[in-house]
Amino acid sequence: MVLLYLVFGAVFGFVLSRSGAADYDFIQGMFLLTNFQLYGIIGSAVAVTAPALFLLKRYGKTLLGQPLVIELKPGHRGNVVGGVLFGVGWSITGMCPGPILVNVGEGKLYALAALAGALVGAGAFGIAYPKLQAPMRLPALARGTGDG
Amino acid sequence: MLILHDLQAIHWAVAGLGISFVTITLLAVANRRLGVSTGFEDICSLVLDAPYFKRSAVTQGRPWRLPMLLGLLLGGVLSAVLGGGWAATWDLGMFDTEIGWGPAGKVAWMFAGGLFIGFGTRLAGGCTSGHGIFGLSNLELPSLVTTVSFMGAGVVVTNLLYRVIL
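From a predicted model like this one, the values you see are computed outputs, not experimental measurements. What you see as residue numbers is a count from 1 along each chain, following the sequence as written. Written order decides the labels, with chains lettered from A and ligands numbered from 1. This being a predicted model, a pLDDT of at least 70 is required before a residue's local features are given, and a value of 80 or more before pairs of side-chain atoms are given or counted; all residues contribute to the totals for chains, interfaces and linings.

What about the overall build of chain B?
Only runs of H or I of at least four residues qualify as helices and only runs of E of at least two qualify as strands under DSSP, and these elements are numbered from the N terminus. Along its length, chain B carries 8 helices and 0 strands. Tracing chain B from N to C terminus, the helices and strands come up as α-α-α-α-α-α-α-α. Projected onto its principal axes, the C-alpha coordinates of chain B cover approximately 45 × 35 × 35 Å. Field definition: a residue is buried when 20 or more other C-beta atoms are found within 10 Å of its C-beta, exposed when 12 or fewer are, and partly exposed for counts in between, with C-beta atoms placed from the backbone. Looking at chain B as a whole, 51% of its 166 residues are labelled buried. Relative to all contacts within chain B whose residues are 6 or more apart in sequence, the contacts with residues 24 or more apart total 51%. Here contacts are defined at the residue level, using C-beta atoms placed from the backbone and a cut-off of 7 Å between them.

The following block contains the structure:
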């Protein structure tokens, strides 16, 4: 199974690399509303995934026969506050989490700094979780803000 | 044109289909919900002792997320190798032409941006993949709220930088 996840990641990474989703200029063009490419990518990915997901949920099982498990993400104030913070970071770096790794792989040296920052940021969030829980209305620590 | 070897970008619909294929196959075969940013927590959990990093959602996610993260990196390597050869580079497109900072400035800029990404995605409970692709496709309201928030913030900051400040 490890090999399977490695292959999934590599296919995902290759597509992100070649489509502009891991490219600083394409990301700024998306936010400047001058380049349609990223809206097309995300829009078509959702347009195809949504009906496929609907059908798969109706089928209710994985292809290996296990019951399908989809953990829904909880709603809380962190969706807005964290979303805004992430948007700021996406604009600054031109990368969201997947493309940070893709850019590192492509040989873009500055992406290593973005990766280091993201790891420190995620670490700080985990350590601060008990303090953020009440003001952000976050779920119990065991559940967290949602996988994804 | 991409920064990487000035390659022509593939059509957006091809990319959308590819991402959709990965998302659906990951769920249909392995019963996994696509999401990258939790992988940052998985990496943190290898070295940090805080209770947040000891919870089972993190430790049980490591065996599949860490290989997927490594795969993302390899996808980038493969793309560079097949697209004209792998080479270390500082090229940053319009940042170079409009702002023009050298390596030290880029490292500081990217590290600062990374802090926002790491903290923000985990506070929001996901990123472009977990909320934007999977969550929206699954019609989850928190994902819509998060996606609108990060797209809106990105539009504001990039426009501030390239149309107001510069």
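Examining the overall build of chain A
Along the backbone of chain A there are 6 helices and 0 strands. The order of α-helices and β-strands along chain A, N terminus first, is α-α-α-α-α-α. For chain A, the spread of C-alpha atoms along the principal axes amounts to about 40 × 40 × 35 Å. When each of the 148 residues of chain A is scored for burial, the buried share is 57%.

Focus: the interface of chain B and chain A
On the side of chain A, 103 residues touch chain B, which itself brings 113 residues to the contact. Of all the secondary structure elements, the ones that give two or more residues to the side of chain B that touches chain A are α1 (12-30), α2 (38-44), α4 (62-82), α5 (94-98), α6 (103-124), α7 (128-137) and α8 (141-165) of chain B. Under this grouping Gly is polar, as are all residues other than the nonpolar Ala, Val, Leu, Ile, Met, Phe, Trp, Tyr, Cys and Pro and the charged Asp, Glu, Lys and Arg. Of the residues assigned to the side of chain B that touches chain A, the class counts are 70 nonpolar, 37 polar and 6 charged.

A few points about helix α1 (residues 2-19) of chain A
All names here are of chain A. Every helix has an expected span of 1.5 Å times one less than the residues it contains. Over its 18 residues, α1 extends 26 Å from the first C-alpha to the last, a length consistent with the 26 Å expected when each residue adds 1.5 Å. For α1, the tally of buried residues reaches 13 of 18 residues, placing the bulk of the element in the interior. Just beyond α1, the residue with positive phi is Gly-20, at close to 105°.

Overview of the environment of Gly-29 of chain A
All names here are of chain A. Its location among the elements puts Gly-29 in helix α2 (residues 24-31). Measuring from C-alpha to C-alpha, the distance between Gly-29 and Gly-94 comes to 9.9 Å, with 65 residues separating the pair along the chain. Contact partners of Gly-29, with chain neighbours within four places excluded, come to Thr-34 and Asn-35.

Let's talk about the packing of α2 of chain A against helix α3 (residues 37-59) of chain A
Residue and element names in this part refer to chain A. With axes taken as lines fitted to C-alpha atoms, and helix axes fitted only over the stretch in contact, angles between N-to-C directions fall between 0 and 180 degrees. At their nearest, the axes of α2 and α3 sit 8 Å apart, and the two run at 85° to each other. In this view, α2 runs roughly perpendicular relative to α3, as classed from their interaxial angle. Of the residues in α3, those in contact with Phe-26, Ile-27 and Met-30 of α2 are Gln-37, Leu-38 and Tyr-39. Looking at the contact of α2 with α3 residue by residue, the class counts come to 5 nonpolar, 1 polar and no charged. For classification purposes, an angle smaller than 35 degrees is called roughly parallel, one larger than 145 roughly antiparallel, one from 65 to 115 roughly perpendicular, and anything else oblique.

Some thoughts on unusual backbone geometry
Positioned with a positive phi, Arg-137 of chain A is a non-glycine residue whose angle comes to about 60°. In the Ramachandran plot, Leu-139 of chain B falls in the positive-phi region, its phi being about 55° despite a non-glycine side chain. Of note, Leu-139 of chain B is situated in the loop between α7 and α8. Take Leu-139 of chain B: there are 11 C-beta atoms within 10 Å of it, and that puts it in the exposed class.

Honestly, it's all geometry; don't read function into it.
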